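If you want the building blocks of each chain, they are given just below.
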Amino acid sequence: MRRGTGGRLPSDVVTPGPTTATTPATAEETTLLAPHTTLGLGGPARRLVHATTADEVVERARAADGAGEPLLLVGGGSNLVIGDAGFAGTALLLDHRGHHVVERDGNRVVLHVESGHDWDDLVADTVAAGLGGLECLSGIPGRTGATPVQNVGAYGVEVADLLVDVDLYARRTGRRAAASAADLDLGYRTSRLKGDRNVDGEIVLGVRFALTADGLSAPIRYTELARALDVAPGSRVPVAAAREAVLGLRRGKGMVLDPDDADSRSAGSFFTNPLVDGTAAARVAALTAERGQAPITAWPQPDGRVKLSAAALIERSGIPRGHPGEHAPVRVSTKHTLALTHRGGGTTDDLLALARDVRDHVAGAFGIVLEPEPVLVACAL
């Protein structure tokens, strides 16, 4: 089963579900955000609304802004950590879907995708159509519109490698316009559309990707994936083979949502792989060698910095898989130290306490402060 698709509600304003005459649903129950996140955590919003077209996204955003109401965009809820007190504003659930080819030129195909379209559904559709490029991003939860904001990446491929442009609505100016990939300042897990960098309050309405039509994957750059496919790095393989290999690797790490796998109830990777200078990378290497530990996986970057494996840093700092123990409502995944999981009965405060514990262990062991990857709403690490 693919990881969560987020809330699918029958109307614009969330209304109570089935109740009895003696136990009516409260306002809080009808606006809870936890069911719309893959962690299953978070308090209520003041108001929940729903959009099934790009025009409705704009209308709902304008209405909230006109009322002076804070606005939270919710897609698949796979990259959200929402505070226990909830969100004091309007939560807008994005569910506008669909995709179509807008250009064909030889082996190049440009695909337009509505930003509310489930990401892994899109990847599955492109693979079924024999289009290459997205297959290494299989199994990633959430909606398509979030992928350029975060510059989502995995197994050697980033959205920046494939993105042509995006359709945006700027809440500050009220304008709708397209912006090219080059204008988005895409970097490692970031863009100018992310967080405080998004000064115009821009909302992604649609996305266009340039794919290949020859049925072959992007070059396999990631060593673990090349090994799983039994090919040399740089090889291209049938898109379906690449997708299945990626899904297999992700399942082994609890990174594909499965109701029978408690390790998959997470926000994905909770921390980003840190980018450090050469001096810090050398210090980490020396410390692990001095302690008799296996080296930390490192990837040299074009700008001279080095990307270090956050998962390896966590493990070498003394945080084991399953930490702090099997009876804790939130704990480190038993499959992968980079995922923090909610086993039920926990709170966002519990999750953040665990995240601080992990972060502080790494800082104490290596002098590197890990940064969270999910968006933190009405809470802080």
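Enquirer: Whenever I open this one, the environment of Leu-71 confuses me. Can you help?
Expert: With respect to the helices, strands and loops of the structure, Leu-71 is situated in strand β2 (residues 71–74). Sequence separation between Leu-71 and Arg-104 is 33 residues; the distance between their C-alpha atoms is 38 Å.

Enquirer: What am I meant to see in the packing of aromatic side chains here?
Expert: Here the distance between the centres and the angle between the planes together describe a pair of aromatic rings. Applying the stated criterion across every chain yields a total of three aromatic pairs. A ring pair is formed by Tyr-155 and Tyr-222, whose centres lie 5.2 Å apart and whose planes are at 75 degrees; its orientation type is edge-to-face. Highlighted residues: Tyr-155 in the loop between β7 (153–154) and β8 (157–158) and Tyr-222 in the loop between β11 (202–212) and α5 (223–229), separated in sequence by 67 residues. Taking relative accessible area as the criterion, Tyr-155 reaches 8% and is therefore assigned buried. Ring plane angle 70 degrees and centroid distance 5.2 Å describe the contact between Phe-270 and Phe-271, whose orientation is recorded as edge-to-face. Each member of the pair, Phe-270 together with Phe-271, is buried. Over the ring of Phe-366 we find Arg-291, and its NZ or CZ is 5.1 Å from the ring centre.

Enquirer: Would you mind showing me how to read the sheet that holds β11 here?
Expert: The pairing of strands in a sheet comes from backbone hydrogen bonds and takes either a parallel or an antiparallel form. Strand order across the open sheet formed by five strands is β5-β6-β11-β9-β10, with antiparallel pairing between neighbours. With one partner strand each, in any of the chains shown, β5 (99–105) and β10 (175–180) form the two edges of the open sheet. Shown here is a sheet whose adjacent strand axes are inclined to one another by a mean of 20 degrees, direction ignored. As paired strands, β5 and strand β6 (residues 108–114) are joined by six bridges and run antiparallel to one another. Bridged to His-100 within β6 is His-112. Packing of helix α2 (residues 54–66) onto the sheet brings it into contact with β6, β9 (163–170), β10 and β11, and relative to β11 it is tilted by some 155 degrees.

About the cut-offs
- Chains are numbered independently. Their residues run from 1 in the order of the written sequence.
- For a predicted model such as this one, the threshold for reporting local features is a pLDDT of at least 70, and the threshold for listing and counting side-chain atom pairs is 80 or more; totals across whole chains, interfaces and linings nevertheless cover every residue.
- Side-chain metrics in this entry use all non-hydrogen atoms of the structure; hydrogen atoms and water are not considered.
- Counting from the N terminus, the helices are the DSSP runs of H or I reaching at least four residues and the strands are the DSSP runs of E reaching at least two.
- Stacked, edge-to-face and tilted labels apply to pairs of Phe, Tyr and Trp rings (six-membered ring for Trp) whose centres lie within 6.5 Å, assigned for plane angles under 30 degrees, over 60, and everything in between, in that order.
- Relative accessible area decides the class of each residue, using a 1.4 Å probe on protein chains only: under 20% of the type maximum gives buried, over 50% gives exposed, and in between gives partly exposed.
- Two conditions define a charge sitting above a ring: the NZ of Lys or the CZ of Arg must be within 6 Å of the ring centre, and it must be within 35 degrees of the ring normal.
- Pairing between strands is defined by DSSP: at least two bridges between the two strands are required.
- To define axes, lines are fitted to C-alpha atoms, for helices over the stretch in contact only, and angles between the resulting N-to-C directions are given on a 0 to 180 degree scale.
- Here, two residues are considered to be in contact whenever any of their heavy atoms come within 4.5 Å of each other.

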